[in-house]
Amino acid sequence: MAEKISLPAKLINGGIAGLVGVTCVFPIDLAKTRLQNQQGSSIYRGMFDCLIKTVRSEGFFGMYRGAAVNLTLVTPEKAIKLAANDFFRNLLARDGKELTLLREMLAGCGAGTCQVVVTSPMEMLKIQLQDAGRLATQKASAAEGAATVSQKPSALLIARDLLRTQGISGVYKGLGATLLRDVPFSVIYFPLFANVNKLGQKSPREKAPFYHSFLAGCFAGSVAAVAVTPLDVLKTRIQTLKKGIGEDTYNGILDCARKIWRNEGPSALMKGAVCRALVIAPLFGIAQVVYFIGIGEYILGYFN
């Protein structure tokens, strides 16, 4: 029989993992967003150059612009993703037999589809906050002024303006692009993690050592992250509401892909790939360690 799961415990595990992971890797995620949004003349030459210039112009906490949105919404996002994958794996299991690769991919697809309910607005708001410093730097450079940030938009103001002017569809701008990224990511990540993690199990009923689960999560996360980077670039560009001087605007996924290919070349679709791998690898490594240690089960057991 398939192992019975405790949904509340999985939700707690996913939430804790998300909070710890996002806190650790958010500056790299900020660099990724800014690098992906660069068009034409580049302000940043790479990840480290972006982080150094961000600290110089915006201070240390400038690297954490948009972190509040992620820390608020990452708990339900990670909880939904991890718990949904477990749910679909159990649903697709037959008489205790191991899932076939196809069924593992279907479970991942279900998890990726469920999570975008939270992921899409979270990503859209986060991107506006992360990219604000790049836009301010670009404007200051064009005016030959100091590269300082004069305006600090807030997620609440952005969300309120979008709801007032565009309704709920404004908050969910880029939903299709988010689905296009997250579903393939989950289809790749979850089966790959399950099979790599299985190599560390001495028997089917035993858990792999925590360090093996961590490395399996890092490996599967980095592979999946790099594989879907072109889709992440499209999503980032589409969800960015304010464009820099002379930067293209886009009317949908196909228009975005066509303009990037024509104006910047195919290599532009891999912008931020290294940053993305460096973000996703520890994020999912940490997530899987927390998930497999069973902190949620311990917390529920203590209160019961």
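What you see is a predicted model, and the numbers here were worked out from it, not measured in a lab. (Residues numbered from 1 in each chain as written. Predicted model: local features only at pLDDT ≥ 70, side-chain atom pairs only at ≥ 80, totals over all residues. Heavy atoms only, no water.)

**Let's talk about helix H2 (residues 47-58)**
Next, step 1: For H2, with 12 residues, the first-to-last C-alpha span of 16 Å sits near the 16 Å given by 1.5 Å per residue.
Next, step 2: For H2, the set of buried residues is Met-47, Asp-49, Cys-50, Leu-51, Thr-54, Ser-57 and Glu-58.
Next, step 3: At the exit of H2 stands Gly-59, carrying a positive phi of roughly 85°. (Helix = DSSP H or I, 4+ residues; strand = E, 2+ residues; numbered from the N terminus. Expected span 1.5 Å × (residues − 1). Buried < 20%, exposed > 50% of the residue type's maximum accessible area, 1.4 Å probe, protein only.)

**A short note on the UniProt feature "repeat: Solcar" (unreviewed entry) in the chain**
Next, step 1: According to UniProt, the "repeat: Solcar" (unreviewed entry) feature falls on residues 5-91, 99-199 and 208-297.
Next, step 2: Regarding residues 208-297, the helix share stands at 72% and the strand share at 0%, and the terminal C-alpha atoms are separated by 17 Å. (UniProt positions renumbered as here; feature names shortened; annotations may be inferred.)

**Notes on the environment of Asp-86**
Next, step 1: Along the chain, the position of Asp-86 falls in helix H3 (residues 67-92).
Next, step 2: Between the alpha carbons of Asp-86 and Gln-130 there is a distance of 32 Å; along the sequence they are 44 residues apart.

**Here's the deal with the packing of aromatic side chains**
Next, step 1: Enumeration according to the criterion identifies 10 aromatic pairs in this entry.
Next, step 2: Relative to Phe-88, the ring of Phe-87 has its centre 5.4 Å away and its plane inclined at 75°; by these criteria the two rings are edge-to-face.
Next, step 3: Its relative accessible area of 21% is what places Phe-88 among the partly exposed residues.
Next, step 4: Centroid distance Phe-185 to Tyr-189: 5.8 Å. Interplanar angle 10°. Geometry classified as stacked. In this pair, Phe-185 and Tyr-189 are both assigned in helix H7 (residues 175-198), 4 residues apart and thus about one turn of the helix distant. Side by side, Phe-185 and Tyr-189 carry an identical accessibility label, which is buried. (Phe/Tyr/Trp six-rings, centres within 6.5 Å; stacked < 30°, edge-to-face > 60°.)

**What to know about the environment of Ala-159**
Next, step 1: Within the fold, Ala-159 resides in helix H5 (residues 155-166).
Next, step 2: The spatial distance from the C-alpha of Ala-159 to the C-alpha of Ala-225 is 27 Å, given a sequence separation of 66 residues.

**Here's the deal with the UniProt feature "transmembrane region" (unreviewed entry) in the chain**
Next, step 1: Under the present numbering, the feature "transmembrane region" (unreviewed entry) in UniProt falls on residues 210-234 and 277-300.
Next, step 2: Note that residues 277-300 is 96% helix and 0% strand, and that its end C-alpha atoms are spaced 33 Å apart.

**Looking at a nonpolar patch on the surface**
Next, step 1: A cluster of nonpolar residues, Phe-210, Tyr-211, Phe-214, Leu-215 and Ile-293, forms a patch on the protein surface that exposes about 550 Å² of accessible area.
Next, step 2: Ranked by residue count, the leading element in the nonpolar patch is helix H8 (residues 210-227), at 4 residues.
Next, step 3: Checked against the element boundaries, Tyr-211 lands in helix H8. (Patch = residues over 30% accessible without salt bridge, like charges linked within 9 Å, V, L, I, M, F, W, Y side chains within 5 Å. Areas by Shrake-Rupley, 256 points an atom, 1.4 Å probe, with all protein chains shown as cover. Salt bridge = Lys/Arg side-chain N within 4 Å of Asp/Glu carboxyl O.)

**Some points on the nonpolar core**
Next, step 1: Grouped together as the largest cluster of nonpolar side chains are 36 residues, with contacts concentrated most on Phe-185, Tyr-189 and Ile-280.
Next, step 2: When residues in this core are grouped by element, the largest group, 9 residues, is from helix H11 (residues 273-293).
Next, step 3: Val-69, Met-122, Leu-125 and Ile-158 belong to the second largest nonpolar core, which has 10 residues in total. (Core = buried A, V, L, I, M, F, W, Y, C linked by side-chain atoms within 4.5 Å.)

**Let's talk about the pattern of salt bridges**
Next, step 1: Across all of its chains, the model carries 20 salt bridges by this definition.
Next, step 2: The salt bridge involving Glu-247 is made with Arg-134; its shortest N-O contact spans 2.7 Å. Of the two residues, Glu-247 is situated in the loop between helix H9 (229-239) and helix H10 (253-264) and Arg-134 in helix H4 (residues 101-142); the sequence distance between them amounts to 113 residues.
Next, step 3: Classification of Glu-247 by relative accessible area gives buried; the value is 10%.

**Structural notes on helix H1 (residues 7-37)**
Next, step 1: Here H1 contains 31 residues, and its C-alpha end-to-end distance of 38 Å is more than 12% below the 45 Å for a straight helix at 1.5 Å per residue.
Next, step 2: Taken as a whole, H1 carries its principal kink of about 60° at Val-25; the proline Pro-27 stands between one and four residues after it.
Next, step 3: Taken across its 31 residues, H1 has 22 buried, putting it largely inside the fold. (Bend = angle between axes of the 7 residues up to and from the residue.)

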